[in-house]
Amino acid sequence: MLDHIIAIVKEAAALTREAFSVHNKSGDADVVTTADENVQRFLHEKLACYLPGSGFVAEEGLSAANDADYVWIIDPIDGTMNFSRGIRHHAISVALAHKGEVIIGVVYAPATDDLYVAQKGRGAFHNGKPMAVSDKPFRQGLLCTAMSLYRKEYTDVCLDIIRDAYGECSDIRRFGTAALELCYLADGLCDLYFEIRIFPWDYAAGYLILTEAGGILTGFAGDPLTLDCTTPLIGANNEENYRRLSEIVGRYMTRSLSDEITAQRVDG
Ligand code: LIP
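Residues numbered from 1 in each chain as written. Predicted model: local features only at pLDDT ≥ 70, side-chain atom pairs only at ≥ 80, totals over all residues. Heavy atoms only, no water.

S.K.: So what exactly am I meant to see when it comes to the nonpolar core here?
M.R.: In globular proteins that are soluble, nonpolar side chains generally tend to be buried together. Among the nonpolar cores identified, the biggest contains 42 residues, and Ile73, Val107, Tyr116, Tyr193, Ile209 and Leu233 are the most heavily contacted of them. When residues of this core are assigned to their parent elements, the largest contribution, 8 residues, is made by helix H5 (residues 178-186). If we skip the residues at most four places from it in the chain, Ile73 touches Val57, Ser93, Val94, Ala95, Ala97, Pro200, Trp201, Ala204 and Leu227. Judged by nonpolar contacts, the second largest core, of 26 residues, contains Ile8, Leu15, Ala58 and Trp72. (Core = buried A, V, L, I, M, F, W, Y, C linked by side-chain atoms within 4.5 Å. Buried < 20%, exposed > 50% of the residue type's maximum accessible area, 1.4 Å probe, protein only. Helix = DSSP H or I, 4+ residues; strand = E, 2+ residues; numbered from the N terminus. Contact = heavy atoms within 4.5 Å.)

Dropping the structure here:
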């Protein structure tokens, strides 16, 4: 099954090498390209044929049969702004969930030919090599993070959290693609992750890849990820660093703010 999904994702990647146009969705910071739409349409057609009766939740307006046992969670191009500007940090992210649990994750970066995959209970692999999180302590950690791109009213909270974390870790990185950032944690390249509001299609595949590589990823205050709403996302290479980052986040985020963020459902 995994090899077949990989083949479909890599076939879809060819569509990112064709000419494309760019459109604004909810504003200048929220863009979509015809490549996003073409990749999503291709993946929907091929994966629905491969797994009849499966449901779909995908970024570009696709939400179907979400009560099916098997549901595909897809970001056709994660890091669309990067892609639209010619920045190589972007990826196709495909997750397969069974009764709400991610069992397969595939993240493929067409510009660099980096393939990250995981199957539940069977490890995570980068271009066929086993992945493992780093053993870096917090003070040596690289924190992948982002501002609240589509909800700029959360900017101050993000700045407070990032300022405190930056004062205690080594440095921050903003790659503009959560799917790849979670793979970087899984591969030991980065060590910490925080984003205040992110969609399931951004993180579903990266979640399995990171946890299969030994990492930790949850919502606010250890909340499990439910795959059906936007959520804060906190991740780390080990339990000690996860607790320390969660404590920093808890200085400024509240349960009511987290509830406000997770109130936005994405499953239709
Ligand atoms: C991306 C997200 C990421 C965010 C990026 C971008 P998209 O998704 O994965 O969390 O910080 O700016 O939004 O919209 O490119 O598919």
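S.K.: Where do I start with the layout of surface pockets in this structure?
M.R.: Its volume calculated, the largest pocket comes out at about 370 Å³. Residue lining of the largest pocket: 24 residues in total, with Asp78, Leu149, Tyr150, Arg174 and Gly176 positioned closest to the centre. When residues of the lining of the largest pocket are traced back to their parent elements, those giving at least two are strand E2 (30-33), strand E5 (70-78), helix H3 (80-85) and strand E13 (192-198). Of the residues contributing to the lining of the largest pocket, the split by class is 9 nonpolar, 6 polar and 9 charged. In this model, the second largest pocket occupies a volume close to 180 Å³. Forming the walls of the second largest pocket are 13 residues, and the residues nearest its centre are Asn66, Val71, Gly100, Thr226 and Leu227. When its residues are assigned to classes, the lining of the second largest pocket shows 6 nonpolar, 3 polar and 4 charged. (1 Å grid on protein atoms, 1.4 Å probe; cavity = no way out; pocket = protein on both sides within 12 Å on 5 of 7 lines; lining within 4 Å. Points joined across faces, edges and corners; volume = space filled by probe spheres on them. Nonpolar A, V, L, I, M, F, W, Y, C, P; charged D, E, K, R; others polar.)

S.K.: Quick question: what am I supposed to make of the environment of Leu180 here?
M.R.: Among the structural elements, Leu180 can be located in helix H5. Sequence separation of Leu180 and Ala91 is 89 residues, and the distance between their C-alpha atoms is 6.8 Å.

S.K.: I'm lost on the sheet that holds strand E14 (residues 216-218) in this one. Help?
M.R.: As a general point, the strands of a sheet are linked pairwise by backbone hydrogen bonds and lie either parallel or antiparallel. Strand order in the open sheet made by the 5 strands is E12-E11-E13-E15-E14, with mixed pairing throughout. Looking at strand neighbours, the two that pair on one side only are strand E12 (171-173) and E14, the edges of this open sheet. This sheet shows a mean twist of 15° between the axes of neighbouring strands, independent of strand direction. The pairing of E13 with strand E15 (residues 231-236) spans 5 bridges and is antiparallel. Considered in E15, the bridge of Phe194 is made with Ile234. Where helix H7 (residues 239-252) meets the sheet, it contacts strand E11 (142-145), E13, E14 and E15, and its direction lies at approximately 145° from that of E15. (Pairing = 2+ DSSP bridges. Axes fitted to C-alpha atoms, helices over the stretch in contact; angles between N-to-C directions.)

S.K.: Looking at this structure, how should I read the sheet that holds strand E7 (residues 101-109)?
M.R.: With mixed pairing, 8 strands are arranged side by side in an open sheet as E4-E3-E5-E6-E7-E8-E9-E10. Two strands close off the open sheet at either side, each with one partner strand: strand E4 (62-64) and strand E10 (129-130). Two elements, strand E9 (residues 124-126) and E10, share 2 bridges in a ladder whose sense is antiparallel. Bridging from a neighbouring strand, Phe125 pairs with Pro130 of E10.

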